[in-house]
Amino acid sequence: MQVLPLLCAALLSAGLGRPCAAAAPEYQLKAIFLFRFAEFVEWPPQAFADAQAPLTICVLGEDPFDGYLDDAVRGEKVNDRPLEVRRYRELGQLGACHILFISSSERERMKRDLDALKGRSVLTVSDSDGFDRDGGMIGLELADNKVRLEINPDAARAADLKLSSKLLVSARIVGTP
Amino acid sequence: MSFRDLPIRRKLAVVILAVSALMLLITCSTFIVYELLTFRQGMLTNIETLGRVTADNSTGALAFENAEDAAEVLGALRAERHVVAAALYDRAGHLFAKYPADLPAAALPPAAEADGYRFEQDRLVAVLPVQQGGNARLGTLHIVSDLVALYARLRLYLEITATVIAISFLLAFVLSRFLQRQIAQPILSLADAARAVSENGNYTVRVQNPGRDEVSRLAEAFNHMLAQIQQQHRELSNNAARVREQLDRLSLLQRITRAIGERQDLSSMFQVLIRSLEDGLAIDFGCACLSDATRQRLAVTGIGARGVSMAAKMELTGDAMFAVDRNGLSQCLQGKLVYEPDIAGAAFPFLQRLERVGLRSVVFAPLAVESQVFGVLIAGRCVPQGFSSADCEFLRQLSEHAALAAHQAQLHGALQKAYDDLRQTQQAVLQQERLRVLGQMASGIAHDINNAISPVMLYTESLLEREAGLSASARRYLEIIQRAVDDVAQTVLRMREFYRPRDAEMALAPVQLNRIVPQVVDLTRARWHDIPQKRGAVIKLKTELQPGLPGFMGVESEIREALTNLIFNALDAMPDGGELTIRSGLHDGTPQRVYLEVADSGVGMDEDTRRRCLEPFFTTKGERGTGLGLAMVYGMVQRHSAEIEVHSAPGKGTRIRLLFLVASQVASTAGAGADAPRPRQHLRILIIDDDPLVINSLRETLEADGHAVTAADGGQQGIDAFLDARGRNQPFSVVITDLGMPYVDGRKVAQAIKAAAPDTPVIMLTGWGQRLVADKEVPPEVDKVLNKPPRLQALREALLECCAERVSR
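Residues numbered from 1 in each chain as written. Chains lettered and ligands numbered in written order. Predicted model: local features only at pLDDT ≥ 70, side-chain atom pairs only at ≥ 80, totals over all residues. Heavy atoms only, no water.

S.K.: Just checking my understanding: could you explain the overall build of chain B for this structure?
M.R.: In terms of regular secondary structure, chain B is built from 20 helices and 23 strands. With the C-alpha coordinates aligned to their principal axes, the bounding extent of chain B is approximately 225 × 80 × 60 Å. Across the 809 residues in chain B, those meeting the buried criterion constitute 43%. Residue pairs in contact within chain B that sit at least 24 positions apart in sequence constitute 65% of those at least 6 positions apart. For chain B, the exposed surface amounts to about 42,100 Å²; the carbon and sulfur share of it is 55%. Taking the average place of the 88 positive charges on the side chains of chain B and the average place of its 93 negative ones, the gap between the two points comes to 4 Å. (Helix = DSSP H or I, 4+ residues; strand = E, 2+ residues; numbered from the N terminus. Buried < 20%, exposed > 50% of the residue type's maximum accessible area, 1.4 Å probe, protein only. Contact = heavy atoms within 4.5 Å. Areas by Shrake-Rupley, 256 points an atom, 1.4 Å probe, with all protein chains shown as cover. Lys, Arg positive; Asp, Glu negative; His and termini not counted. Charge placed at Lys NZ, Arg CZ, Asp CG, Glu CD.)

Shown next as structure tokens:
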């Protein structure tokens, strides 16, 4: 029988592919959320180089998604645009970017980074506490083992981004202090 | 009852209702189906819209896995009360949220189903994708709507349809009632009219129909047809009546013709003709008249029973004659049928006569055969214009038939008479033939007997004359023999008289019947007066003699004998007495004849007896009668060239009339009864006879007279002997020959002798002498005929005569 070695290999690879079983669902979900934001947000046309330019999802700082994000966007298209995931260590390296997930590793430089991004049509997302107070647009927080959204429409509007009302309906609206 | 048998109005109602119902059903069904389809489509659209909105609204909830939001979004479906259930399934197909919230999960499919819509039994299920824009699918929305609305709509439609149909039915029914009247009424009136025609034969009915539609045209055509039928029916009836009348006429004609044909005499023919006309043609007056030879007068021959009183008033009864005036009758007598339609005020006397008894129209029909009018048939009626042309034609035909029948009757009568005459002639010929045969027989017998007694006669006579030395007894015997032979000869003679034509020997003398009758009456007095008186019977004898009768030539004694015979017969027919009448008179017609008639009032004769009474030996008197009386009378009649008429019927007596031609018609031959002396000279005589007894007796007798006699016993021997003697120059001065001989008979002998010596007289001796004279068969070569048995005296006379002739010549 050659099925057994094949099955063992699959199980092994799956086990190896998911380093943390407990944390996985959270970031897997957050990866999907991150990808779905693309559907509910409208960027200004100048945000894209051309009609076929990919929609870029960037991760700043330590990547907590452990590959889930890549899984989530693989093969997907949003509004006929391919999705692209980029990772940056620093904000200064940031190129064309439409959705920026600021990892909690960047907690310290959050305020500065957000300020630096002002004037750019970049949807900023983070699961760091106090993100919305720092001028972030969408915060992801875990409650009752569920991911909840906190959205600051003003910040988005300031970035010339249009947020779908449906996004707003399922989120908690926060305002810039 | 099948649809075919329904009245038209019901059919119409059914048709209208059925059609409208069908139309309504189709229309409503189409409408309902359309509406339902539309409504379903609407429902689909509706649920799709609802679904899409809901799906759209739930993208966020699904995308970001917010079940509360999802439930909230679904809860918005409350606004649509037909939505009974809804559910959201996530991208993996797991149930994510449901509505209503308390709906048990089992009521929903455990996993998301394929997208689409479907109607289930009482609900509509829609399954829609949930996605944000054209992006990847976020999940599935499952909505279930009940079909209450659909059913409610359906019910509403059905109610509406039912109402519409009901109203339509009502309207259609009302309409059909109205239309029925428009359509069925004319048809019914047509049918009523047709029934009236067919059941009552009433062709005067017409269908009232003022419209212009097909039924009206049908009615119009029907009316037209009725008019034509009425017309034809009228013509047919007229024709039928005419034919019936013709048939009646024909049958009447036939009846009359047959009735006429059964009649033989004209008056009964006309009687039945007119009676039939009165009965069959209903005429008031009918009569048939016969024209006289001059065609100036007509004699009434037949008058009908109905017209008798009229005829009496007109004095046309019986055989009344009336003159033919220059009126229709004269035309009718020229063969034309004349019809006087109205004789009122007619100018002619005969028509005035008819008018006086009330007749107004008269038909004169000629009775004609082969265009010879012999009478007129008159038919009259009391009304003017009483005869149609058919009547006239009928009368014309009838008169032709009647005339023909009358002619036939006349022909028939003539034919009958001719037939009767023929029958009588035939009877007479038969009678004559019978008598002739009898006569021949008698003649033959007489010949033989005469031959046989000839020698007896000759010898006896010769002996008595010459033998002077006879003893007294011998002489007496000889005389007895002579008398006996004489009797025999007389008997034979009498027998021959049954049928003996008058011969030259008959001495005819003028006879006066009125002279004979009293003689005979006197001679027979004993028979008709004395003998009956002894028996107590009375014979009343009358003589009715017409004075001045012409005489005729005849033998008085024979007539006397015949009259005696007739009187005896009459007396025999009246054994108990009666009346005997003897008449004489002049018979009517030419040639002039006188008659002698004996009539009795005795028993008479039946037809058969009457026919045979003249035959010899026929008698009704049994032993008393000889059967020769009337036969001898008949012989006498024949000898006198007279006729005999016998009228008799049983019980009616007998009347026998003898008719004699008066003198001038009878060829008179004077009898030459001269005295006959013996011939002086002695002659050489040749006797030829095949009977030796006759030869011997003749020879001896003649030799006794001094003649030289040579005998030859046959014709040829006689001729030879004659020629031989002539050759020796010793010719015979006379030849006596028998007639009947074998091989060469007397005639041939006579011829041969006359051929050799024409001067030599030939005397023929025969038992058939009378026959020869009667039949004018005396051969020219024969100078004298003598009968057997020859009397010596007659023989001497003949010799004397012949030889004297020769001497004188």
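S.K.: I tried to follow the sheet that holds strand β19 (residues 684-688) of chain B on my own but got confused; where do I start?
M.R.: Within a sheet, neighbouring strands are paired by backbone hydrogen bonds and run either parallel or antiparallel to one another. Residue and element names in this part refer to chain B. Spatially, β20-β19-β21-β22-β23 is the arrangement adopted by the 5 strands of the open sheet, whose pairing is parallel. Two strands lie at the open edges of the sheet, namely β20 (708-712) and β23 (784-787), each paired on one side alone. For this sheet, the mean inter-axis angle between neighbouring strands, taken without regard to orientation, is 20 degrees. In this structure, β19 lies alongside β20, joined through 5 bridges in parallel fashion. Bridged to R684 within β20 is A708. Along the sheet face, helix α17 (residues 715-727) touches β19, β20 and β21 (734-738) and points at about 160 degrees away from the line of β19. With respect to the sheet, helix α18 (residues 746-756) is in contact with β19, β21 and β22 (762-766), its orientation differing from that of β22 by roughly 175 degrees. (Pairing = 2+ DSSP bridges. Axes fitted to C-alpha atoms, helices over the stretch in contact; angles between N-to-C directions.)

S.K.: I tried to follow the pairing of strand β17 (residues 643-648) of chain B on my own but got confused; where do I start?
M.R.: Walk down a regular strand and you will see the side chains alternate between the two sheet faces. Burial of β17 of chain B is one-sided: the residues I644, V646 and S648 of chain B facing one way are buried, the residues E643, E645 and H647 of chain B facing the other way are not. Between the end of β17 of chain B and the start of strand β18 (residues 654-661) of chain B, which pair antiparallel, lie 5 residues, with G651 of chain B showing a positive phi angle near 80 degrees.

S.K.: Teacher, can you tell me more about the pattern of salt bridges here?
M.R.: Two side chains bearing opposite charge may form a pair once their charged atoms approach each other closely. According to the stated counting rule, one finds 50 salt bridges over all chains in the structure shown. Residue R157 of chain A pairs with D154 of chain A through a salt bridge whose shortest N-O separation is 3.0 Å. Here R157 of chain A pairs with D154 of chain A, and both are found in helix α5 (residues 153-158), just 3 residues apart, close to one helical turn. Classification of R157 of chain A by relative accessible area gives exposed; the value is 56%. Note that E48 of chain B is salt-bridged to R52 of chain B, the shortest N-O span being 3.2 Å. Highlighted residues: E48 of chain B and R52 of chain B, both in helix α1 (residues 8-63), separated by 4 residues, approximately one helical turn. Using a relative accessible area of 45% as the deciding quantity, one classes R52 of chain B as partly exposed. Salt bridges linked by common partners bring K542, E544, E579, R583, E597, R655 and R657 of chain B together as one network. (Salt bridge = Lys/Arg side-chain N within 4 Å of Asp/Glu carboxyl O.)

S.K.: Would you mind going over unusual backbone geometry with me for this structure?
M.R.: A negative phi angle characterises most non-glycine residues, just as the trans form characterises most peptide bonds. The omega torsion across Y99 of chain B and P100 of chain B is -10 degrees, close enough to zero to call that bond cis. Mapped onto the elements of the fold, P100 of chain B is located in the loop between β2 (95-99) and β3 (116-119). Within the chain, D66 of chain A stands out as a residue other than glycine whose phi angle is a positive 55 degrees. One can find D66 of chain A in the loop between β2 (55-60) and α3 (68-73).

S.K.: Whenever I open this one, the interface of chain B and chain A confuses me. Can you help?
M.R.: The parts lose accessible area when they come together, and the size of an interface is often stated as this lost area. Taken together, the 15 residues of chain B in the interface contact 18 residues of chain A. Area buried by chain B at its contact with chain A is led by F64, Q132 and N135 of chain B, which between them contribute 42% of it. Viewed at the interface, chain A and chain B are joined by 4 salt bridges. Among the salt bridges present, the one from E76 of chain A reaches R91 of chain B, with a minimum N-O distance of 3.1 Å. Here chain B is connected to chain A by 5 residue pairs in polar contact (both at pLDDT 80 or more). At the level of elements, α1 and α2 (67-75) of chain B are the ones that each hand at least two residues to the side of chain B that touches chain A. (Buried area = accessible area lost by both parts, 1.4 Å probe. Polar contact = N/O pair within 3.5 Å; in protein donor to acceptor, adjacent residues only side chain to side chain.)

S.K.: What am I meant to see in the packing of α17 of chain B against α18 of chain B here?
M.R.: For any two helices packed against each other, one specifies the inter-axial angle together with the distance between the axes. All names here are of chain B. It is at 9 Å that the axes of α17 and α18 come closest, and there the two elements cross at 15 degrees. As far as their axial angle goes, α18 and α17 are roughly parallel. For the crossing formed where α17 meets α18, the hand is right-handed. In this structure, α17 uses G715, I719, F722, L723 and R726 to contact α18, whose residues at the interface are K748, V749, A752, I753 and A756. Counted by class, the contact of α17 with α18 contains 7 nonpolar, 1 polar and 2 charged residues. (Parallel < 35°, antiparallel > 145°, perpendicular 65-115°, else oblique. Left-handed = near helix turned anticlockwise from the far one by under 90°. Nonpolar A, V, L, I, M, F, W, Y, C, P; charged D, E, K, R; others polar.)

S.K.: It is not clear to me how the sheet that holds strand β1 (residues 83-90) of chain B should be interpreted in this structure. Could you clarify?
M.R.: Residue and element names in this part refer to chain B. Sheet architecture is open: 5 strands sit in the order β2-β1-β5-β4-β3, paired in antiparallel fashion. Edge strands, defined here as strands with exactly one partner in the open sheet, are β2 and β3. Across the sheet, the mean angle separating the axes of adjacent strands is 15 degrees when strand polarity is ignored. Inspection of the sheet shows β3 paired to strand β4 (residues 123-131) by 4 bridges, in the antiparallel sense. By the bridge assignment for β4, G116 is matched with V127.

S.K.: I keep staring at the domain arrangement of chain B and nothing clicks. Help me out?
M.R.: Under the domain assignment used here, chain B contains domain 1 (3-158), domain 2 (263-387), domain 3 (509-665) and domain 4 (684-808). Look at where the C-alpha atoms of domain 2 of chain B and domain 3 of chain B centre, and you get two points 53 Å apart. (Domains from an automatic or database assignment.)

S.K.: How do you make sense of the nonpolar core when you look at a structure like this?
M.R.: Across soluble globular proteins, nonpolar side chains show a tendency to be buried alongside one another. Core analysis: the largest hydrophobic core is formed by 72 residues, its most contacted members being F37, I99, L123, I138, L149 and L167 of chain A. A per-element tally of this core places α1 of chain B first, with 10 residues. Membership of the second largest hydrophobic core comes to 40 residues, among which are I516, I539, C613 and V646 of chain B. (Core = buried A, V, L, I, M, F, W, Y, C linked by side-chain atoms within 4.5 Å.)

S.K.: What exactly am I supposed to notice about the packing of aromatic side chains here?
M.R.: The description of two aromatic rings rests on the distance between their centres and on the angle between their planes. With the rule as written, the count across this model stands at 11 aromatic pairs over all chains. Both rings, one in Y27 of chain A and one in F65 of chain A, keep their centres 5.6 Å apart while their planes meet at 80 degrees; by these two values the pair is edge-to-face. You can see Y27 of chain A sitting in helix α2 (residues 24-40) and its partner F65 of chain A sitting in the loop between β2 and α3, a full 38 residues away along the chain. Both rings, one in F552 of chain B and one in F660 of chain B, keep their centres 4.5 Å apart while their planes meet at 10 degrees; by these two values the pair is stacked. You can see F552 of chain B sitting in strand β14 (residues 552-554) and its partner F660 of chain B sitting in strand β18, a full 108 residues away along the chain. With respect to class, F552 of chain B is no different from F660 of chain B; both count as buried. In this structure an aromatic cluster arises from ring pairing among F33, F37 and F40 of chain A together with F64 of chain B. Of note, R381 of chain B hangs over the ring of F387 of chain B, and the distance from its end group to the ring centre comes to 4.6 Å. (Phe/Tyr/Trp six-rings, centres within 6.5 Å; stacked < 30°, edge-to-face > 60°. Lys NZ or Arg CZ within 6 Å of the ring centre and 35° of its normal.)

S.K.: What's the story with the environment of Q397 of chain B in this structure? I'm lost.
M.R.: All names here are of chain B. Relative to the assigned elements, Q397 resides in helix α9 (residues 389-466). Residue Q397 is classed as partly exposed on the basis of its relative accessible area of 27%. When the C-alpha positions of Q397 and L253 are compared, they lie 8.2 Å apart, and in sequence the two are 144 residues distant.

S.K.: Mind showing me how you'd approach the side chain of S454 of chain B here?
M.R.: Residue and element names in this part refer to chain B. Along the chain, S454 turns up in helix α9. Accessibility expressed as a relative area gives 1% for S454, which makes it buried. Setting aside residues no more than four positions away along its own chain, S454 makes contact with K788, P789 and P790.

S.K.: I tried to follow the side chain of H142 of chain B on my own but got confused; where do I start?
M.R.: Residues and elements named next belong to chain B. Within the secondary structure, H142 is located in strand β5 (residues 137-146). Taking the relative accessible area as the measure of exposure, H142 reaches 3% and is therefore buried. Residues in contact with H142, not counting those within four places in the same chain, are A85, A86, A87, Y89, L108, P109, E113, V125, A126 and V127.

S.K.: What is the right way to look at a nonpolar patch on the surface in this model?
M.R.: A cluster of nonpolar side chains, contributed by F3, V14, V15, V19 and M23 of chain B, occupies part of the molecular surface with about 420 Å² of accessible area. We classify M23 of chain B as partly exposed; its relative accessible area is 48%. (Patch = residues over 30% accessible without salt bridge, like charges linked within 9 Å, V, L, I, M, F, W, Y side chains within 5 Å.)

S.K.: Help me out: how do you make sense of α1 of chain B in this one?
M.R.: Helical geometry: 3.6 residues make up each α-helical turn, so side chains three or four residues apart lie on a common side. Residues and elements named next belong to chain B. Taking 1.5 Å of rise per residue, the 56 residues of α1 would be expected to cover 82 Å, and the 78 Å separating its terminal C-alpha atoms lies within 8% of that figure. Its maximal kink placed at N57, α1 deviates by approximately 35 degrees. Trailing α1 by a residue or two, E65 shows a phi angle of about 55 degrees, which is positive. (Expected span 1.5 Å × (residues − 1). Bend = angle between axes of the 7 residues up to and from the residue.)

S.K.: Teacher, can you tell me more about the packing of α9 of chain B against helix α16 (residues 692-704) of chain B here?
M.R.: Residue and element names in this part refer to chain B. The geometry of α9 relative to α16 is characterised by a closest axis approach of 8 Å and an angle of 25 degrees between their N-to-C directions. Compared by their axis directions, α9 and α16 come out roughly parallel. Considering how the two elements wind past one another, α9 and α16 form a crossing that is left-handed. Contact with α9, carried on its side by N451, P455, L458, Y459, S462 and R466, involves L693, V694, N696, S697, L698, E700, T701 and A704 of α16 and no other residues of that element. Class assignment for the residues of the contact of α9 with α16 results in 7 nonpolar, 5 polar and 2 charged.

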